[in-house]
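Topology and contacts: notes
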Amino acid sequence: MHTRDVQDRQIQLLSEAARRASGRVDGLQGQLEGLEASERVYAQQRQAAEADVAGVEREMQQARRDADAAKAEHERLVRVEIELNEKLEGVLKDLSQARAEQRETAREARLKDMVGALQRVFSGVHGRLAELCSPTQHKYDVAVATVLGRHMDAIVVDRQATAIDCIAYIKEQRAGQATFLPLDALHPPPTSDSLRHAHRGARLATDVLQFDAAIEPAVLHACGSALVCDSLDIARHVCYERKLDAKAVTLDGSVIHRSGLITGGAGSRGQRSKAQVWEAAAVDNLRKARDRLAEELQGVARERRRLAKEDALAERLAGLQTRHRVCRDALDALVRKLQGLATEHRHMDSSLAECRPAAAQAAEELDQAKAMRAEAEERIYAAAQPIFADFCRRLRVPSLQAFEHQLLPATEAAEERRLHFRTQVSRLDSQLAFEQQQLDEAAAKLAKLEQAQQSTITALASLKTDQAREQAEMATLVAQIESLRSELAMLNAKYSDATEDVHAARHTLEKGLKELDAMNKELRARATDMERAQAEKAAVLRRCKIEDIPLPLLRGSLQALPLEVSVGLSQMSIDDTQSSIMSVNDDIAPDFSTLPQDDRTDAPEAVDRKYLAEIARLSAEIDALNPNPHARERLESARA
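The structure presented is a predicted model; accordingly, all values stated were derived computationally and were not measured.

Calculation criteria
Residues numbered from 1 in each chain as written. Predicted model: local features only at pLDDT ≥ 70, side-chain atom pairs only at ≥ 80, totals over all residues. Heavy atoms only, no water. Helix = DSSP H or I, 4+ residues; strand = E, 2+ residues; numbered from the N terminus. Polar contact = N/O pair within 3.5 Å; in protein donor to acceptor, adjacent residues only side chain to side chain. Contact = heavy atoms within 4.5 Å. Disulfide = S-S within 2.5 Å. Pairing = 2+ DSSP bridges. Axes fitted to C-alpha atoms, helices over the stretch in contact; angles between N-to-C directions. Core = buried A, V, L, I, M, F, W, Y, C linked by side-chain atoms within 4.5 Å. Buried < 20%, exposed > 50% of the residue type's maximum accessible area, 1.4 Å probe, protein only. pLDDT = per-residue confidence, 0-100. Phe/Tyr/Trp six-rings, centres within 6.5 Å; stacked < 30°, edge-to-face > 60°. Expected span 1.5 Å × (residues − 1). Arc of directions from axis to C-beta. Salt bridge = Lys/Arg side-chain N within 4 Å of Asp/Glu carboxyl O.

1. So, the side chain of Arg 203
Topologically, Arg 203 is positioned in strand E5 (residues 202-204). For Arg 203, the side chain forms a polar contact with the side chain of Tyr 140, separated by 3.5 Å. Here Asp 230 takes part through its side chain, which lies 3.0 Å from a polar atom of the side chain of Arg 203. Excluding residues within four positions of it along the chain, Arg 203 makes contact with Tyr 140, Val 208, Ala 226, Leu 227, Val 228 and Asp 230.

2. Remarks on unusual backbone geometry
The backbone of Lys 243 shows a phi angle near 55°, a positive value even though the residue is not glycine. With respect to the helices, strands and loops of the structure, Lys 243 is situated in the loop between helix H7 (232-241) and strand E8 (248-250).

3. Details of the state of the cysteines
Within this structure, the stated rule accounts for zero disulfides. Take Cys 239: it sits in no disulfide, and the sulfur closest to it among the cysteines is that of Cys 229, at 6.7 Å.

4. Notes on the sheet that holds strand E9 (residues 255-256)
The pairing of strands in a sheet comes from backbone hydrogen bonds and takes either a parallel or an antiparallel form. Spatially, E5-E7-E8-E9-E10 is the arrangement adopted by the five strands of the open sheet, whose pairing is mixed. Each end of this open sheet is capped by a strand with a single partner; those strands are E5 and strand E10 (262-263). Relative to strand E7 (residues 227-229), E5 runs antiparallel, the two sharing three bridges. By the bridge assignment for E7, Arg 203 is matched with Val 228. Running over the sheet, helix H4 (residues 141-148) touches E7, E8 and E9 and is turned about 145° from E8.

5. Points about the nonpolar core
Residues Leu 129, Leu 148 and Cys 223 are the most contacted members of the largest nonpolar core, which totals 27 residues. Secondary-structure elements contributing two or more residues to this core are helix H3 (129-132), H4 and helix H6 (216-223). If you look at the next biggest cluster of nonpolar residues, it comprises 14 residues, including Phe 122, Ile 155, Ile 170 and Ala 178.

6. What about the confidence of the model for the protein?
Scored by pLDDT, the protein comes out at a mean of 77, with 80% of its residues at no less than 70. Looking across the protein, the model is least confident in strand E12 (residues 572-573), with a mean pLDDT of 44, and most confident in strand E3 (residues 155-157), with 93. For residues 565-578, every residue scores under 50 in pLDDT, and the model assigns this stretch 35 contacts once sequence neighbours within four places are set aside.

7. Points about the packing of aromatic side chains
The final tally for this structure, using the stated rule, is one aromatic pair. Both rings, one in Phe 122 and one in Tyr 169, keep their centres 6.0 Å apart while their planes meet at 85°; by these two values the pair is edge-to-face. Of this pair, Phe 122 sits in the loop between helix H2 (106-121) and strand E1 (125-128) while Tyr 169 sits in helix H5 (residues 160-173), placing them 47 residues apart in sequence. On the basis of relative accessible area, Phe 122 is assigned to the buried category, the value being 18%.

8. Here we look at H5
Between its terminal C-alpha atoms H5 stretches 20 Å, which fits the 20 Å expected from 14 residues at 1.5 Å a residue. Within H5, burial applies to Thr 162, Ala 163, Cys 166, Ile 167 and Ile 170. All buried residues of H5 fall inside an arc of 140° around its axis, so they share one side. Exposed side chains of H5 directed beyond 90 degrees from the buried face belong to Lys 171 and Glu 172. Phi turns positive, to about 50°, at Arg 174, one or two residues after H5.

9. What to know about the pattern of salt bridges
All chains considered together, the criterion is met by 15 salt bridges. In this structure, Asp 230 engages Arg 203 in a salt bridge whose closest nitrogen and oxygen atoms are separated by 3.0 Å. Of this pair, Asp 230 sits in the loop between E7 and H7 while Arg 203 sits in strand E5, and the two are 27 residues apart along the sequence. Classification of Asp 230 as partly exposed rests on a relative accessible area of 34%. A salt bridge links Glu 296 to Arg 292; its shortest N-O distance comes to 3.2 Å. One end of the pair, Glu 296, and the other, Arg 292, are both in helix H9 (residues 279-306), four residues apart, so they sit about a helical turn from each other. Overall, the relative accessible area of 43% leaves Arg 292 in the partly exposed class.

Structure representation (structure tokens):
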């Protein structure tokens, strides 16, 4: 029995050790399953955090690209704007130097209109000579204008008949006066090649002009053999020392004529004004360039306004960087958590690997002990059966083993429960140790969080102080903005009043310009009537001279009045004719004192009709008094 008790105690110890080992294995297995579940959750969170970080990084890259593109575009537009401003400044400077803002004179405007009208009516009109040719360099403008002289405004036509038709048209339209150069009637003499090599600083005027070959006769006729010299000394050398038969003109407009006379100096302002004709095309190009550059500058300004503001892009990038930093911190925390879980998982795997052989060995030892106890019980029961046979018969049990089975179930049940409780206590101790470890880790994390919270509270207090200061500054700025807005409203009101004044002044100016145009039209009409009256007066005076009619005069004489005006073939002009008629008309003044007072005060048309009727009556009476000149011839023929 002693051996049996020892074996029972040994089996109990082994059973308790096996249960503890099995409980530890089960506890580790449960903890391992919990860790795996936590790892899966944290892995999902890590994937989401990585996706967030990747998305934020893509947005940051796009924002950086947008900011770089906007910065590059802004820099490009700034460079373009600087270049355009420099070009525009140069163009405006050139316009200022060329005095491009001055208006053309009324005579030039009428001349241009007349040439345009002639070109529309007659196909053989080429245009003004000054518009058909131009100097090769700007420095020759004054010299060439001096060489061309009055031929600058001459109109080049193809044939002499076209010139005559143009003169008739101008007279009919009372469009003014002009000089014509018919190409078919111009036969200028050839230019000597020796003049081209007269001096290094002297060159033919035709060589410094650009013109079409079709109008070469007109250019040669206008320029002749004139030389353009770089200085007055060169002109003197050509004319006085080499004695060349040519007119020499310097760059400043001074002239040495073939006769040896010298003209020019400071009085060449007229030539300088004529030389500005060739600057018209350049000035037009400068104006077009000015307008084009202004439009390009406006386009650049519009593009700069369309660009995203750099401040907004910088704020967006700063926000993305903050968001990226937060996401990266969360991802790093998840990575550290997963690393901790992986370390703990490896530790549990090693612990579980250590506990499983021990549990198996304890179970095997327990089985061996139970087998030995069963063999010992068989031997004990076999040896005790004869001894306790009478005892068994009295108790009416078949054997001692059956008696023990009936007597000891309660003891075994209590022992079984005691062992179960011990196993539960061991499992709870293991669970308590694990939870205590988790609690310690949570307490450490809580301490860190509390420390971070305290630093955050300190930073928040500082930020609130900064916010209060910024709000105070913002309030000051808002007050300044309101003040500026009120000032802007006042300035807008003044601007509106000034705009109304400008509109009123502009309206008054337009009204004055219209009145001025009306007065100019009336003045031109009066001038036309005066010219017509002068022409009629000249015709009457010429008729009186032809018919030898005595005319009472206060001054002048009819003998100075030309009977007809000749028109040259190579150069036709109506200017000299009209000017000579007006000068003669001014020199001759009839004496109207012998006329009756009524004829002096009545309308000219009525007086003309009255005297024309009187002349017709007197002519009829004279014709009636004069004998027939053929009557004598008929009488002599009858006598014969």
